[in-house]
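Architecture and fold: a report
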Amino acid sequence: MSILIFVLGAALLVYTAEKLIAYLVGAAGALRISVFLLAIVFTGIEFDDVALGVVLNVEDLGGVALGTVFGTAISMTGIVLALAALIAPTRVDIPRRYIVLFALSPLAMLPFVLTPPLTATDGAVLMLLFVAFIAYVARNELRSQTPVFRNAEVLEKVGSGSGASSATDVPPFEVDVPFSKPLPWAGLGMALLALVGLIAAAALTSSGIEGILDDYSIPGTVFGATIATLVLALEDIMLTVEPHRRGASEIGIGNVIGSVVFGVTAKLGIILLTGHEVTVDDDVLAWHLPALVVMTGLGAYFISTGRLRRWHGVLLLALYVAYWVVCLTVLGEAPVGDD
């Protein structure tokens, strides 16, 4: 029953998060700013992850919440970027300054995990780091007279199948992304309704997780970093792989970069500001953080080459599988019932 509750809650979590993003993006569609900046803000900010992390920590499941922070960030390269490279290897043109920030972002957590427990003060500092990141990207994108990333009009042409060579051999690109048409004020009301549903879904998912931890011998951090993360990654796969395949790689790469930076700064910060202090297990420094640093650095390197290749995806996916194996066999027990 606990597994069923978890699955139902997670499905509702992904669905409501997708709707919330769609309504917020639609309401902001009149803004004339770069697609990359909108992708970072509206797809990089993981509403479902935050809602679940907050509820978990409020219910004194801080280990699971911390596990989702690491697991989600690692899955962005190990699953999402890997699948994008496997399914649609293509050229990518991302400014080096953003790639460097992406590669270094996991190190932002290092001072805090070295001085546990994680407190609300740590959370406030992490939130400020994310605000600084957004301000830096916004400053660069808004001041750029020749935008590095294609603007909304160009992407609309990609969606209609005209005016873009990268979309020549693919069907029209139809997905709720930052170039959606502006919604009326009713859209904001729908966004609020989606937010209420998101919170309810997070509570339901948390209840299922608590039951699973009681029934099976899985450490909280390990469960959060693997099984819970895999479910939460479904939305990111959709928001990255599909735009990438349809020739709008700025959205997909923006989602990856934004999600990782947001996860290791603001997501953890919000969790700490709204819940209890979080204890840092030895496994975090010995395994989860080093794995995150390596996977993010490798993903950044592949992006910096200017072309995602299939072997990039194979390597990232293989490393992610190895991460899972170590988590479930070395750091914790496989989910097998007592009887």
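Named according to an unreviewed UniProt entry, the chain is Cation:H+ antiporter originating from Kineosporia succinea. According to the UniProt record, the Subcellular location (unreviewed entry) comment for the chain reads "Membrane".

Counting its secondary structure elements, the chain contains 13 helices and 2 strands. Residues counted as buried form 53% of the 339 residues belonging to the chain. Residue pairs in contact within the chain that sit at least 24 positions apart in sequence constitute 88% of those at least 6 positions apart. Within the structure as shown, the chain displays about 14,100 Å² of accessible surface, and the carbon and sulfur contribution to it stands at 65%.

On to the packing of aromatic side chains. Considering all chains together, one arrives at 6 aromatic pairs under this definition. Summarising the aromatic geometry, the rings of Tyr301 and Phe302 are spaced 5.9 Å apart at their centres and angled 50° between planes, so their arrangement reads as tilted. Each member of the aromatic cluster is reached from another via a ring pair, and the members are Phe130, Phe133 and Phe262. Looking at Arg97, its charged tip hangs above the ring of Tyr98, at a distance of 5.0 Å from the centre.

With that out of the way, let us pick up unusual backbone geometry. With an omega of 0°, the peptide bond running from Pro116 to Pro117 counts as cis. Mapped onto the secondary structure, Pro117 falls in the loop between helix H6 (110-113) and helix H7 (120-143).

Right, let's get into the packing of helix H4 (residues 62-87) against helix H12 (residues 282-304). Put simply, H4 and H12 touch, their axes get as near as 10 Å, and they point 30° apart. With respect to H12, the element H4 is oriented roughly parallel. Seen from above, H4 lies across H12 with left-handed handedness. Contacts between H4 and H12 pair Leu66, Phe70, Ala73, Ile74, Thr77, Gly78 and Leu81 from the former with Val284, His288, Leu289, Ala291, Leu292, Met295, Thr296, Gly299 and Ile303 from the latter. Here the contact of H4 with H12 is composed, by residue class, of 11 nonpolar, 5 polar and no charged.

Here we come to the environment of Ile253. When you line up the elements, Ile253 lands in helix H11 (residues 249-274). Residue Ile253 is classed as buried on the basis of its relative accessible area of 2%. Not counting the four nearest positions on each side in its chain, Ile253 is found in contact with Leu81, Val92, Ile94, Ile303 and Leu308.

Among the structural elements, Asp122 can be located in helix H7. This buried residue, Asp122, is left without a salt bridge; Lys267 holds the nearest opposite charge, at 17 Å. Here Asp122 is in contact with Phe112, Pro117 and Leu272, once residues within four sequence places are set aside.

Within the secondary structure layout, Leu83 lies in helix H4. Since its relative accessible area comes to 23%, Leu83 is described here as partly exposed.

Next up on the list: a nonpolar patch on the surface. On the surface, Met1, Leu4, Leu8, Leu12, Tyr15 and Leu204 cluster together into a nonpolar patch covering about 630 Å² of accessible area. A per-element tally of the nonpolar patch places helix H1 (residues 2-27) first, with 4 residues. Relative to the helices and strands, Met1 is located in the segment before H1. Since its relative accessible area comes to 72%, Met1 is described here as exposed.

Take the environment of Gly254 next. By the element assignment, Gly254 lies in helix H11. Placed 214 residues apart in sequence, Gly254 and Ile40 show a C-alpha to C-alpha distance of 5.3 Å.

With 24 residues, H7 extends 34 Å between its outermost C-alpha atoms, agreeing within 8% with the 34 Å of an ideal straight helix rising 1.5 Å per residue. Considered for burial, the residues of H7 that qualify are Asp122, Gly123, Leu126, Phe130, Phe133, Ile134, Val137, Ala138, Asn140 and Glu141.

The subject of this paragraph is the packing of helix H5 (residues 96-104) against H7. A packed helix pair is summarised by two numbers, namely the angle formed by the two axes and the spacing between the axes. Direction vectors running N to C along H5 and H7 enclose 170°, while the axes themselves pass 12 Å from each other. Classified by the angle their axes make, H5 and H7 are roughly antiparallel. Counted together, Arg97, Tyr98 and Leu101 of H5 and Phe133, Tyr136, Val137, Asn140 and Glu141 of H7 form the full contact between these two elements. Counted by class, the contact of H5 with H7 contains 5 nonpolar, 1 polar and 2 charged residues.

Moving on to the confidence of the model for the chain. Taken as a whole, the chain shows an average pLDDT of 74; of its residues, 59% reach a score of 70 or greater. Throughout residues 146-184 the model reports pLDDT below 50, and contacts reaching past four residues in sequence, or to other chains, amount to 68 contacts. Note on residues 333-339: pLDDT under 50 across the span, and 11 contacts to partners over four residues away in sequence or across chains.

Cut-off values and rules
Counting of residues starts from 1 at the beginning of each chain's written sequence and follows it residue by residue. Only residues with pLDDT of at least 70 are given local features in this predicted model, and only at 80 or more are side-chain atom pairs given and counted; all residues enter the totals for whole chains, interfaces and linings. Note that the side-chain values use all heavy atoms of the structure and ignore hydrogens as well as water. UniProt positions are given in the numbering used here, feature names are shortened, and annotations may be inferred rather than shown by experiment. Each helix is a run of H or I in the DSSP string that is no shorter than four residues. Each strand is a run of E no shorter than two, and both are numbered from the N terminus. Throughout, exposure labels follow a simple rule: accessible area from a 1.4 Å probe, protein chains only, divided by the maximum for the residue type, with under 20% read as buried, over 50% as exposed, and the rest as partly exposed. Residue contacts follow a heavy-atom distance rule, with two residues in contact if any of their heavy atoms lie within 4.5 Å. All accessibility values rest on the Shrake-Rupley procedure with a 1.4 Å probe; residue burial counts only the protein chains present in the view. The rule is short: rings of Phe, Tyr and Trp, with Trp giving its six-membered ring, pair when the centres are within 6.5 Å, and they are stacked under 30 degrees, edge-to-face over 60, tilted in between. For a ring to carry a charge above it, either NZ of a lysine or CZ of an arginine must fall within 6 Å of the ring centroid while also lying within 35 degrees of the normal to the ring plane. Fitted lines through C-alpha atoms serve as axes, helices being fitted only where they are in contact, and the angles separating the N-to-C directions of these axes extend from 0 to 180 degrees. Angle categories are assigned with fixed cut-offs, so that under 35 degrees is roughly parallel, over 145 is roughly antiparallel, 65 to 115 is roughly perpendicular, and the rest are oblique. Note: crossing handedness is left-handed where the near helix turns anticlockwise from the far helix by less than a right angle, and right-handed where it turns clockwise. Any residue outside Ala, Val, Leu, Ile, Met, Phe, Trp, Tyr, Cys, Pro, Asp, Glu, Lys and Arg is labelled polar, Gly included; the first ten of those are nonpolar and the last four are charged. Asp and Glu are treated as the negative residues and Lys and Arg as the positive ones, with His and the ends of the chain left uncounted. A carboxyl oxygen of Asp or Glu within 4 Å of a side-chain nitrogen of Lys or Arg is what we treat as a salt bridge. What goes into a patch is any residue over 30% in relative accessible area without a salt bridge, connected to like charges within 9 Å or, for nonpolar side chains (Val, Leu, Ile, Met, Phe, Trp, Tyr), within 5 Å. Take the residue count of a helix, subtract one, and multiply by 1.5 Å to get its expected span. A score between 0 and 100, pLDDT records how confident the predictor is in each residue.

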